[in-house]
Every structure is written in C-alpha cells, then in structure tokens.
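# What the coordinates show
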Amino acid sequence: MQPLLKIEDLNVQFETRAGVLQAVRGINLEIGPGEALALVGESGCGKSAAAQSVLKLLPSPPARITRGGVFFAGENLTAMSEKELQRVRGRDIGFIFQDPMTSLNPTMKVGRQVVEVMYRHGEKDNKKNRERALEIFGLVGISNPGRRLDQYPHQLSGGMRQRVMAAIALACGPRLLIADEPTTAVDVTIQAQIMELLRDLQKKRGMSVLLITHDLSLVAGFARRVAVMYAGKIIETGTAEEVMNSPAHPYTRGLLASIPRLEVRPEERLAPVPGRPPVMINPPPGCPFRPRCPEAMYICAKIEPGETILGQGRIVSCWLAHPMAAESRPERL
Amino acid sequence: MARYVLRRIVTMSLALWLIITATFVIMHSVPGGPFSSEKNAPPAVMQNLNARYRLNDPYWKQYLDYLLNMARLDLGPSFKYDRSVNEIISQGFPVSAQLGAVAVSIALGAGVILGVAAAWKQNRWQDYTAMSLAALGFSVPSFILSGLLMYIFAYKLMWLPPAMWGGWQHAVMPALALSALPTAFIARLMRSSMLEVLQQDYIKTARAKGLSPAAILVNHALKNALMPVATYLGPLVAAVFTGSFVVETVFAIPGLGRYFVISVLNRDYTLILGLTVFYAVFLMLMNFIVDLVYMFLDPRIKLADDRGD
C-alpha cells in the first residue's frame, strides 16, 4: 500500500549566530492511510522541527530544508511553491500545536477562527460554514457549542481551547493530522480527554495521525508504530509493543525507566536519563548519546552508529545492536 | 459602564483642579505681570488697570474667583486681546483642529503602512527605506520642513498657496509639516509591535490553516499590532489638534497654537490658565476615548467596573 505521508532523508538546519544547528539529520518515516504513528523524544531532539517541516511552517530564515523531501499522497511537498502549499495546509493536513493558550488569536471569536479555514479552502457560504463549525464543535466534545462559537479564547479553559484547535485542524476533513505535543500544556485529566478524542477521531474518520510527544506513556494504546528521535535522528523504530516491551536502544530504555508506573513503590525513585541532549552545532564525532549512555563502548566515541535492521519495520541505530557488539563488550569505556 | 464613566469624571476633575492650582502658583511666581510691558504708564493708569482686572485682590481671592468662573465655563477676559478667552479658543480651535485632523490622518495612514511594510519585509530594502524615512521625520525640525515645502510647492511649482487659511489647498503643506514627526513615531511603533505579533504562535496557526500572507496580515496581525499605536494616539491628537506654534506662525494660520507661547510671554494670566485648562480637558478626554478603543481592539480588556459576562 502506498504510504500517505513519506518523509525521505529529511535534513533541516537552523542558521544561528553560534553556527549551523543541525536540527533534523536525515530522518525517514512512513505513515499509511488511517495509521497513527508517534514520534517521541526529549525537547530539542528535532521532532517539532521535523513535523513543522512537513508543511514548511518553520520560519525561513533561519530554518532551511537542506536535503530530502516530504511526500504526501505521492506529491512532493518540499518542492511545492508557497502558493501550492497553502492549498494543502489546513485542507489535506491539519495541524494541532502545543500551546492552546497562545495558538489561538486572542482578539478573534473562536467560531470565526474555525470558519476561516473552511472559507479559505473553498466553501464561501459562511452560513453553511457556521453550521458545519457547530457540528465539528460537537464532534470534538465542546459543550454548548452554539454559545462557544461567539466567545473569545480567553473565555475558554485550556482543554476547551485545545478542542477548538482540534476543530480548526479538522474543519476541512484532512487526511492527515499532525499533533505537535497536543497535551503538554494542559493538565493531566484534560490530557487523557484530548488523547481519547484524537484516538476516537482517528478510528472513526480513518484519518492518519502523526503524534509528536515527549511522553512515551501517551503512546501506548494510541499509535501502532513508534519512532524515537534523538539529536535529529530516528534512533529506534518499531511497533509500540516492540519498543515498549523490548527497547533496543539504551536511550529508549532510559525514557521508559523515567515514566511513573503504578508498580513503583514510593521509596523507589524514578530514574531520569542523566545529562542533557547535545546542541547539534559542530557536534563531536561518534554517537551523540554516548556521553549519557550507561552502556557506551570504545567505538561509540569514534563513529556514529548506522541503522541495524532487527526485523520488519524494526530498526535501531546503536552499536550494541551490531552483530559484533557482543565480542567488543570488554572495550567498554 | 455608567459607574466607570462617573469614576473617570471624578478623577479627571481632581486632576484638573491640581493642574489649575499648579499653573496658578507657577504663573504668579514668575516675575512681571500682564501690564509690565506698558512703558511709562502713569501710576494712576496702572492702578486703574489693576483694579479693572482685579489684580489688587489677594491671590487666594483671585484663585477662588477663577475657580468659580470656571465652574460656569467662563474663562475670563484676555489681558492683552480685546476678546474673552472663550472667544479666542472658539475661534482658533476649529482651525487648528481641522488642520490637526488632516495631519493625524496622514500620520496614521503613512505611519501604519510604513511600519507594516518594514516589519513584513524585515531587513530588506522596504524595511531600510521605511526606517530611513522615519529617521528623517524624527530629525528634520518642522520649521525647516515647512520652509522646504513652501519653496518647492509654492515658490517653484506654484501648486499651492504659500500661506494663510482658506480652502483645502491651504491645509496641505502645514498638515504635511505637522505630520512628519508623528508619522515617524507611528512607523517605528508599528514596526516593532508588528514584529512581535508576527512571532506569536497564532500566526503560525494561521499559516498552518493555509491562509495567504495577505489574509494573515489583515485578519490576524494588524488589529493586534495596533494597540501601542492607539495608546500614542490619545496624547498625539491632543497635541496636534490644539495647534503648533511653529507651523501656524510659518504659514500664518489663525489657529490656537501660537497663543500657547504668546500668552506666556505676555503674562496673560487668564489666557495661560484658559489654554491650560482647555488642553488638559481635551487630553484627558482623548485618553478616555483611547481606553474605549482598547476594548474594541482587545476583547480581553474590560472596563474596571464592568462585571459579569
């Protein structure tokens, strides 16, 4: 089956005063129709840059796609002109941003912010659009939608605003929804509701979803496949079960260990991944995770690991997964 | 709303009283008086003049009399002109205000366009051009600009009358001269606030909706970026509508502006106080209107006493 979204060797750079920052360093991803994929990683790993590069939403300069491309339903989005891209944005691909407090225009009624998308993409009858907006508000679980349409963002709670964001993203019935940390800025109970809503929409509408998150615990039960990103590269992919149950990369193991679990006893502490992600301006050679890696070997400081294929759609970029790793164990740093 | 307006009126009256009192004290502590420039007037004449204008009364009585008259909206007779202060204002203000309205319109239109263009094309030639123009507007004094305009449009091209007040042709040059500085100021204000708005997350949302740059600019950025300009507009309208000494003198326009300077030179006590009161009331009124405009621009802003949803 042809994938709906295909990211091929995507490279994104930021020109900064300190030098060129390599935010995304050659990632490959495929999302099939109706599939949900989660792109997971710490803040600063390049996952948002990758997601926003799909629609070329990053301000350029400083951001630049230096290599590779994004294909949507066979069309090369990266090669499209700004005008052509505008027709895809909001119509074929919907986008939900992280912070619903700042992502809605504070001086425009939320109803108009939804209607606007539909107007832009073809339906010029705003009476019809309003009825449709009412319908979508109901769909995303906004109570009392008729009244909400004429309210301003500041009159709504954080969770409500994120639902409005979802309504904007869904207004034109997109085939792909990109949700960039949709639950980070809302509190935990709302978090669950938003995830429930996304899952529901994906199932009912057969929509593809690219979920960007730093929270592995959100992934279970939502995405069939997971890609873990670190320092601008995808370092591990697999089905959610594979990645959660038998993580192959030490970083993934670290992320999993830092999730609060019910069976953890109160006296046990959560184990965070020590250190910080590297800033990818003139990075040293070797694996970017090496300074934080509990299992680093001699070679990790010298050469960045390539991809090792563990199975169908199961790839890891780590020397430990290399067939010869077992023999070189004594070489540990 | 009614309570809010009432409270504003009370605070404005209080401020006005403070302004009158301060002006009164400062005015009388400056050496000389309205008639000290009358050379060699016989003492009897001086005595009569002082009695006629009640300058022999103790200060507190003059002060109270003034306040009482003011409460009846009577600003008293001018000491130098053969007219009352009320007459001077009601004759001069319409001229200055007409001119000011043209000038503020030019400043607002040109300033907003320049500022938006500069922000939209940041660090490109449009930005550099707009900001160079703004620097010029800031640094060229209005009497130089007036002279230059006169030379070009009246003397060389002979398109416009060089001075005096009459039809719209008379308003063009003085309005341009008056608007240079506020245009520059609004352009810079608009540029910086526009740049800030364009960084906002909701602009990215608008882009993700597939809106065209023009739609983003007009529907999402412009209104939000106008707030600082609205703030500046209150004092600007008050200052420009009450006339400019320099421009009105250069173009021989019978406005209000020159009286602000001449009244002080003449120690024309009633005119000084009258103009001060008029300016203060006008300024406070403009600021009040600006506060109302805010509410229209930003629905998050509610009047202090406006409770409930």
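Here, the structure is the one placed above.
From a predicted model like this one, the values you see are computed outputs, not experimental measurements.

So, how was this worked out
- Residues numbered from 1 in each chain as written.
- Chains lettered and ligands numbered in written order.
- Predicted model: local features only at pLDDT ≥ 70, side-chain atom pairs only at ≥ 80, totals over all residues.
- Heavy atoms only, no water.
- Contact = heavy atoms within 4.5 Å.
- Buried area = accessible area lost by both parts, 1.4 Å probe.
- Salt bridge = Lys/Arg side-chain N within 4 Å of Asp/Glu carboxyl O.
- Polar contact = N/O pair within 3.5 Å; in protein donor to acceptor, adjacent residues only side chain to side chain.
- Helix = DSSP H or I, 4+ residues; strand = E, 2+ residues; numbered from the N terminus.
- Nonpolar A, V, L, I, M, F, W, Y, C, P; charged D, E, K, R; others polar.
- 1 Å grid on protein atoms, 1.4 Å probe; cavity = no way out; pocket = protein on both sides within 12 Å on 5 of 7 lines; lining within 4 Å.
- Points joined across faces, edges and corners; volume = space filled by probe spheres on them.
- Pairing = 2+ DSSP bridges.
- Axes fitted to C-alpha atoms, helices over the stretch in contact; angles between N-to-C directions.
- Buried < 20%, exposed > 50% of the residue type's maximum accessible area, 1.4 Å probe, protein only.
- Left-handed = near helix turned anticlockwise from the far one by under 90°.
- Patch = residues over 30% accessible without salt bridge, like charges linked within 9 Å, V, L, I, M, F, W, Y side chains within 5 Å.
- Areas by Shrake-Rupley, 256 points an atom, 1.4 Å probe, with all protein chains shown as cover.
- Expected span 1.5 Å × (residues − 1).
- Bend = angle between axes of the 7 residues up to and from the residue.

For the rest of this paragraph, the subject is the interface of chain A and chain B. Interfaces are frequently sized by the accessible area removed from exposure as the parts join. Facing the 32 residues of chain A at the interface are 20 residues of chain B. Among the residues of chain A in contact with chain B, Pro-106, Thr-107 and Glu-116 of chain A are the three that bury the most area, contributing 24% of the side total. At the junction of chain A with chain B, the criterion picks out one salt bridge. Here Lys-209 of chain B and Glu-116 of chain A are joined by a salt bridge, their closest N and O atoms 2.7 Å apart. Linking chain A with chain B are 15 residue pairs in polar contact (both at pLDDT 80 or more). For the side of chain A that touches chain B, the leading source of residues is helix α3 (residues 110-120) of chain A, giving five residues. Classifying every residue of the side of chain A that touches chain B by side-chain character gives twelve nonpolar, twelve polar and eight charged.

Moving on, we come to the layout of surface pockets. Estimated volume of the largest pocket: approximately 1200 Å³. Around the largest pocket, the lining comprises 34 residues; the ones closest to its centre are Leu-58, Pro-59, Ser-60 and Pro-61 of chain A together with Arg-207 of chain B. Considering only enclosed or pocket space, the second largest pocket measures out at about 590 Å³ in volume. Lining the second largest pocket we find 30 residues, and of these Asn-28, Glu-30, Arg-225, Thr-237 and Ile-315 of chain A sit closest to its centre. Elements that contribute at least two residues to the lining of the second largest pocket include exactly β1 (5-16), β2 (19-31) and β10 (233-239) of chain A. Ranked by the residues each element gives to the lining of the second largest pocket, the list is headed by β10 of chain A, at seven residues. The residue makeup of the lining of the second largest pocket, split by class, is ten nonpolar, ten polar and ten charged.

Let us look at the sheet that holds strand β7 (residues 176-180) of chain A. All names here are of chain A. Read from one edge to the other, the open sheet built from eight strands follows the order β6-β7-β8-β3-β9-β10-β12-β11, with strand pairing classed as mixed. The open sheet is flanked by β6 (93-96) and β11 (308-311), the only strands paired with a single partner. When strand polarity is set aside, the average angle formed by the axes of neighbouring strands in this sheet is 20 degrees. Taken together, the four bridges between β6 and β7 define a ladder with parallel strand orientation. Residue pairing in the sheet places Gly-94 in a bridge with Leu-177 of β7. Of the strands in this sheet, β3 (36-40), β9 (225-230) and β10 touch helix α10 (residues 250-257), which is tilted by about 105 degrees from β9.

Let us now look at the pairing of β3 of chain A. All names here are of chain A. Across the five residues that make up β3, a large majority, five, are buried. Burial along β3 is two-sided: Ala-36, Ala-38 and Val-40 and Leu-37 and Leu-39, pointing in opposite directions, are all buried. Bridge analysis of β3 against strand β8 (residues 208-213) gives five bridges, and the strand direction is parallel. What sits directly across from Leu-39, in β8, is Ile-212.

What follows concerns the packing of helix α4 (residues 85-120) of chain B against helix α7 (residues 169-198) of chain B. Helix-helix packing: each pair is described by the crossing angle between the helix axes and the interaxial distance. Residues and elements named next belong to chain B. Taken N-terminus to C-terminus, the directions of α4 and α7 make an angle of 35 degrees; their axes are 5 Å apart at the nearest point. Remark: the crossing between α4 and α7 carries right-handed chirality. Across the contact of α4 with α7, the residue classes break down as 25 nonpolar, four polar and one charged.

Residues and elements named next belong to chain A. The residue Glu-35 is located in the loop between β2 and β3 in this model. We classify Glu-35 as buried; its relative accessible area is 11%. Reaching out from Glu-35, the side chain makes a polar contact with the side chain of Arg-225 at a distance of 2.9 Å. Not counting residues within four places of it along the chain, the set of residues in contact with Glu-35 comprises Glu-30, Gln-202, Met-207, Ser-208, Val-209, Arg-224 and Arg-225.

This paragraph deals with a nonpolar patch on the surface. Where nonpolar side chains cluster on the molecular surface, the patch consists of Leu-148, Tyr-151, Ile-152, Tyr-155, Leu-157 and Trp-159 of chain B and spans about 680 Å² of accessible area. Along the chain, Ile-152 of chain B falls in helix α6 (residues 142-156).

What follows covers the pattern of salt bridges. Counted according to the given criterion, the structure contains 22 salt bridges over all chains. A salt bridge links Glu-15 of chain A to Arg-64 of chain A, with the shortest nitrogen-to-oxygen separation between them at 3.4 Å. With a gap of 49 residues between them, Glu-15 of chain A in strand β1 and Arg-64 of chain A in strand β4 (residues 63-72) connect regions that are remote in the sequence. Looking at Glu-15 of chain A, the relative accessible area reads 42%, which means it is partly exposed. Here Arg-64 of chain A falls in the partly exposed class, since its relative accessible area comes to 42%. Note that Arg-8 of chain B is salt-bridged to Asp-291 of chain B, the shortest N-O span being 2.6 Å. Of this pair, Arg-8 of chain B sits in helix α1 (residues 2-29) while Asp-291 of chain B is found in helix α13 (residues 269-297), placing the two residues 283 residues apart along the sequence. Accessibility expressed as a relative area gives 17% for Arg-8 of chain B, which makes it buried. Given the relative accessible area of 23%, Asp-291 of chain B is considered partly exposed. One salt-bridge network, held together by shared partners, links Arg-25, Lys-233 and Glu-304 of chain A.

This paragraph deals with α10 of chain A. With six of eight residues buried, α10 of chain A is to be regarded as a mostly interior element. Looking at α10 of chain A, one finds that the buried residues are Pro-250, Tyr-251, Thr-252, Gly-254, Leu-255 and Leu-256 of chain A.

On to unusual backbone geometry, then. Residue and element names in this part refer to chain A. Notably, Ala-73 is not glycine yet its phi reads approximately 50 degrees, a positive angle. Looking at the element boundaries, Ala-73 is found in the loop between β4 and β5 (75-76). For Ala-73, a relative accessible area of 32% puts it in the partly exposed group. Phi at Glu-181 is positive, roughly 50 degrees, even though this residue is not glycine.

With that out of the way, let us pick up helix α9 (residues 213-225) of chain B. Between its first and last C-alpha atoms α9 of chain B spans 16 Å; for 13 residues at 1.5 Å apiece the expected length is 18 Å, and the helix comes up short by more than 12%. At Asn-219 of chain B, α9 of chain B shows its largest kink, close to 30 degrees. Here α9 of chain B has its buried residues at Ile-216, Leu-217, His-220, Ala-221, Asn-224 and Ala-225 of chain B. The secondary structure elements touched by the buried residues of α9 of chain B are α3 of chain A together with α4, α7, α8 (201-208) and α10 (227-241) of chain B.

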